[in-house]
Amino acid sequence: MAGKSRTILIVAAGIAAIVIAGMLAMHFLSAPSDDLDLSRSKASAAGLYRVSVAPEAEPLRQGPLHSWIVTVATPDGAAVEDARITVDGGMPQHSHGLPTEPQSTGHIGDGRYRIEGVRFNMGGWWVLKFAIEAPAGRDEAEFNVVL
Amino acid sequence: MEKPFRRIFRLVALAAALALGACKPSGFSEEEKRIIGQLRLSELAKLQPDPTNRHADEPLAAAFGATLFFDTRLSSDGVVSCATCHQIDNQFQDGLPLARAIGITDRRTMPLADVAHGPWFFWDGRRDSLWAQALVPLEEAREHGGNRTAYARMMAERYRERYERIFGPLPDFSGLPENASPLGTEAERAVWTAMGEAERDAVDRVFSNIGKAIAAFERTIAHGETRFDRFAEAVVAGREPEGDARFSALEIEGLKLFIGKANCIDCHNGPRFTDDHFHNTGVPPVEGLPDDRGRAQAVAELVGDPFNCLGKYSDAGPEACEELRFMRRDGAELERAFKTPSLRGAAARPPYMHSGQIATLEEVVDHYSRAPEAASGQSEIGGVIFTDRGKAALIAFLKTLDPG
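Conventions and cut-offs
- Residues numbered from 1 in each chain as written.
- Chains lettered and ligands numbered in written order.
- Predicted model: local features only at pLDDT ≥ 70, side-chain atom pairs only at ≥ 80, totals over all residues.
- Heavy atoms only, no water.
- Pairing = 2+ DSSP bridges.
- Helix = DSSP H or I, 4+ residues; strand = E, 2+ residues; numbered from the N terminus.
- Domains from an automatic or database assignment.
- Contact = heavy atoms within 4.5 Å.
- Buried area = accessible area lost by both parts, 1.4 Å probe.
- Salt bridge = Lys/Arg side-chain N within 4 Å of Asp/Glu carboxyl O.
- Nonpolar A, V, L, I, M, F, W, Y, C, P; charged D, E, K, R; others polar.
- Buried < 20%, exposed > 50% of the residue type's maximum accessible area, 1.4 Å probe, protein only.

Peer 1: Could you give an account of the pairing of strand β9 (residues 137-146) of chain A, naming the residues involved and the relevant values?
Peer 2: Residue and element names in this part refer to chain A. As paired elements, strand β8 (residues 125-134) and β9 share ten bridges and run antiparallel to each other. Within the sheet, the bridge partner assigned to A134 lies in β9 and is G137. Between β8 and the antiparallel strand that follows it, β9, lie two residues.

Peer 1: Account for the domain arrangement of chain B, with residues named and values stated.
Peer 2: Many structure descriptions define interface size as the accessible area lost when the parts assemble. Residues and elements named next belong to chain B. Along its sequence, chain B is organised into domain 1 (24-44 + 224-292 + 335-399) and domain 2 (59-218). Taking only C-alpha atoms, the centre of domain 1 and the centre of domain 2 are 33 Å apart. At the junction of the two partners, domain 1 supplies 22 residues and domain 2 supplies 21 residues. The contact between domain 1 and domain 2 buries some 1,800 Å² in all, and 56% of this surface belongs to carbon and sulfur atoms. At the junction of domain 1 and domain 2, the tally comes to one salt bridge. In this structure, D292 engages R107 in a salt bridge whose closest nitrogen and oxygen atoms are separated by 2.8 Å. Of the residues that constitute the side of domain 1 that touches domain 2, the class distribution is twelve nonpolar, four polar and six charged.

Peer 1: Give a detailed account of helix α5 (residues 130-139) of chain B, specifying residues and quantitative values.
Peer 2: The periodicity of an α-helix, 3.6 residues per turn, causes residues three or four positions apart to be oriented the same way. The buried fraction of α5 of chain B is high, at ten of ten residues. Among the residues of α5 of chain B, L130, W131, A132, Q133, A134, L135, V136, P137, L138 and E139 of chain B are the ones counted as buried.

Peer 1: So what's going on with helix α10 (residues 227-237) of chain B? Residues and values would help.
Peer 2: Residue and element names in this part refer to chain B. Listing the buried residues of α10 in full gives F228, D229, F231, A232, A234 and V235. Of the surrounding secondary structure, the elements contacted by the buried residues of α10 are α2 (30-39), α11 (249-259) and α15 (388-399). Of the residues one or two after α10, G238 is the one with positive phi, at around 75°.

Right under this line is the structure:
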C-alpha cells in the first residue's frame, strides 16, 4: 500500500514537473524575461544625468525606420542642452547589434534630442544604449525594449 | 486511503488543463495569434511613394516600363530582356541555381512580387531603389550586355514619343558615340572618358529614366493571396477556418514551429516573410565562383553609386534618404550576410539561397538543423534539431505559402 502510494506520488510529481516545465518553456518562448526593467526614464549609470526616452510615434512597430526622443536633464531636473549623444544597442539573446546606425540629429529644445534611423527588424528583447557627453561628464544609459 | 491520490491526480489534471487551456480556443496562444496576424498579406502596408522617382506611380510610366521589361532589343545580342530571367509565369524568376543570359551570373535570380516594399535590392542590397537596380543588369556583360549610350540612342530612335510624353524632350543625340559607358569594355570606357561632361550627364539622365519607367512597372507586381492567408484571417477573427483554409494537423504543427521553437520568424517576419535585412546563415560558397562577402562588399558600391538616393539623378532631397544615411556601414555582422528572401511562393520555386546552393526544401530544413559554421564571418543560426515529423511539418507549412 505504502509502496503503491509512493509510486503514484512520484508519477504525479513527474507529471506536475513536466507540466510546469512546459508552462515555463511556453512562457520563455513568448516573453524574453518578465522582470526586465522596461522603464523609460532613469538615472544614467554613474548618476550624472536623468535620461528619459520615448519613440517619436506610438505604438512602436517592428520593421519601419523611426525616431526616438531622448531627454537629458541633470539629477535635479535642469535641461541639458549641449549634450552629444551616440547610440548603440542590439539583441542580447541573439548577440547581434542594431541593424542600422541611428544618430542624434541635434537638440530640439528643453534638453530633448531626436535620434533618427532606429529600426527593430525582429520581435523580442532589444537594448538601446545612449552615451551622453556634456559638460558634467560622459555617462551612459541603457534601456530595454520588448517587441 | 484512495482519496489523497485521487486528489493529487485531480490537481495535476487541473494544472495540465490550465496549461493547455492557455492555447485555446483555436489551438493558438494569444501571442501566437498576434504573430500569425502580422504575417497576413492583408497586413501589408500600402506601397509607400518613392520620392526618388517622380514617375513611380504614373500609369503611363508603368506601361512604358512594362514594354521595356519585355523588350529583347535592350541587349547587345538582341535576345535578352529582363523577362529572360524574371519570367512572368514563374514568379518572375527562372528556377535556375545561377541566372543565365549572355553568360552565367554568380547569383540566383530573385522573384519580384512586392519587391518595391523593401529598401534594398539584390542579395547584398547594393542598390537603394528599383530604378537604380534596373540599370545594373542592362550594362552587366553576362546579362543584357548593353551600354548606356546605346540605350539613350535607342530611346531617341525607337521610343521617342513614349519617352517624351513621360520625361519631356530628349536631348539631341545625333553626334553621340554608338557605344560608351563608364562600366563597359575597355573601348567603351575610353569613348566615355572622351565625351564632354554635359554629354555624359545627358546620357545618364536618359539612362536613369529608363530605370524609372521599369521601376514604375515593377511596383505593380504583387503577391496573391495564399491558403495561409485565408487560414490566418480565420484564426485572427476567431472563426473556424473553412474549405481550403482548413489546415491539417501537420501544417498547424509546422506553423507553430516556424513562429516558435524554430525561430524562423526572427528573420522571415511580416507579411512578406522578410525583415528586409542581411544575415549570415552559414550558406556555403559555391566552388569555382569568386569570393562572395555579401553585404560586406556591397556598402562601398552603394555609397559610391551615382544613381543612389543622394545622387543627382534622384528626384528626392537628402531628407528622403534615411535608409542610406542610417544604414549600418561596417561591422562583423555584414560578412557573408545576404538579404532575407520572402518565403511566399518559395516552395514552388526551388532551388534556394543566393547562389542556388540548396536544391530542395528538405535540404533547406536540414541546413537550419545542422547550422554549419560560416565560411567567413559568424552564422546567426543556432541549430534547432528537428524530428522527422518536425521537418515534414515545416515543409508542409511552407507549402501553404504558395500562391493559389
